[in-house]
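# An overview of the molecular structure
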Amino acid sequence: MGRKQRERRRRNGQGNWKLIRYADDLVLMVDGDRRHAEALREQVAAVLAPLGLRLSEEKTRVAHINEGFDFLGFTIRRMRKRGTSKHYVCTVPSKKAIQAVKDKAAAKTYRSTRHMKPEAVITSLNRSLAGWAVYFRHGVSKQVFASVDYYAWHRFMRWARAKYAGKSGPLGMKDFRRRFCEPGTWKIACNGARLTGASSVQVTRYRYRGSKIPTPWTPDLATAARG
């Protein structure tokens, strides 16, 4: 939809829209009122019906950008930048996605894994946290990564103290720091393995490229292919 077409639709009281899709998931962003969004939802349902498809009632809803919505593990929402009056649309890992990776960290540091060596547990945690962070590295994720790592640190600390507990109870914090942290710090390290977690993945913000992304139907590419 070109700029002139969008302006003409706006003058006529119509909403403009943009489609974002991934496999069988889609989001329709509407520059208009709620009625425009609801009307567009009905149009989408009408297009899908002849194909034997339908919108999921549980997953389909109309939401304002200030309220936010979840899509592909991210929460997309417009928020005010702290200390200013400016608003930005932010894409952050959703609460559900954060809880899922925390659950993995909890499972890897549960009592059933106390037979494992500390360095093996640290390595396993790093793989799960870093792998999760790679997917979410294009969002506003730096603080979330730090929060997830903080949770993993506490889980490992409790795991190690319980594994090496003595008759008087769990391993003391001084002994824990001496055995499982780098000298003079609280950074967990043991036998060459360091708990680097999600923060080891650099956050690289995604920049919208729109129509600049080439497709097999791009005229220039088609011409080159025939040549």
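The structure this text deals with has already been given above.
Bear in mind the structure is a predicted one, so any value in this text is a computation, not a measurement. (Residues numbered from 1 in each chain as written. Predicted model: local features only at pLDDT ≥ 70, side-chain atom pairs only at ≥ 80, totals over all residues. Heavy atoms only, no water.)

### A word on the overall build of the protein chain
- The secondary structure content of the protein chain amounts to seven helices and seven strands.
- Going residue by residue from the N terminus, the α and β elements of the protein chain occur as α-β-β-α-β-β-β-α-α-α-α-β-β-α.
- Burial analysis of the protein chain (227 residues in total) assigns 30% to the buried set.
- Taking as baseline every contact in the protein chain between residues at least 6 positions apart, the subset at least 24 positions apart corresponds to 44%.
- Element-wise, carbon and sulfur atoms account for 53% of the exposed surface of the protein chain, whose accessible area totals about 16500 Å². (Helix = DSSP H or I, 4+ residues; strand = E, 2+ residues; numbered from the N terminus. Buried < 20%, exposed > 50% of the residue type's maximum accessible area, 1.4 Å probe, protein only. Contact = heavy atoms within 4.5 Å. Areas by Shrake-Rupley, 256 points an atom, 1.4 Å probe, with all protein chains shown as cover.)

### Digging into unusual backbone geometry
- Positive phi, close to 55°, is recorded for leucine 72, a residue that is not glycine.
- Even without glycine at this site, asparagine 191 takes up a positive phi of about 50°.
- Note on placement: asparagine 191 falls in the loop between strand E6 (189–190) and strand E7 (193–194).
- We classify asparagine 191 as exposed; its relative accessible area is 64%.

### Considering the pattern of salt bridges
- Under the defined criterion, the tally for this structure stands at five salt bridges.
- Note that glutamate 38 and arginine 34 form a salt bridge whose closest N and O atoms lie 3.0 Å from each other. On the criterion of helical spacing, the pair formed by glutamate 38 and arginine 34 is a turn pair, its members being four residues apart in helix H2 (residues 34–48).
- The partly exposed category is assigned to glutamate 38, whose relative accessible area is 31%. (Salt bridge = Lys/Arg side-chain N within 4 Å of Asp/Glu carboxyl O.)

### Overview of the pairing of strand E4 (residues 74–80)
- When strand E3 (residues 69–71) meets E4, the two strands line up antiparallel, connected through three bridges. What sits directly across from phenylalanine 69, in E4, is isoleucine 76.
- Hairpin connection between E3 and E4: a loop of two residues separates the two successive antiparallel strands, and leucine 72 in this loop has a positive phi of roughly 55°.
- In the sheet, E4 pairs with strand E5 (residues 87–93) via seven bridges, with the strands oriented antiparallel. Opposite isoleucine 76, over in E5, you have threonine 91 as the bridge partner.
- Here E4 folds back onto E5 in antiparallel fashion, the turn holding six residues, of which glycine 83 has a positive phi close to 85°. (Pairing = 2+ DSSP bridges.)

### Re the sheet that holds E4
- With antiparallel pairing, the three strands of this open sheet are ordered in space as E3-E4-E5. Both edges of this open sheet fall to E3 and E5, since each of them pairs with a single strand only. This sheet shows a mean twist of 30° between the axes of neighbouring strands, independent of strand direction. (Axes fitted to C-alpha atoms, helices over the stretch in contact; angles between N-to-C directions.)

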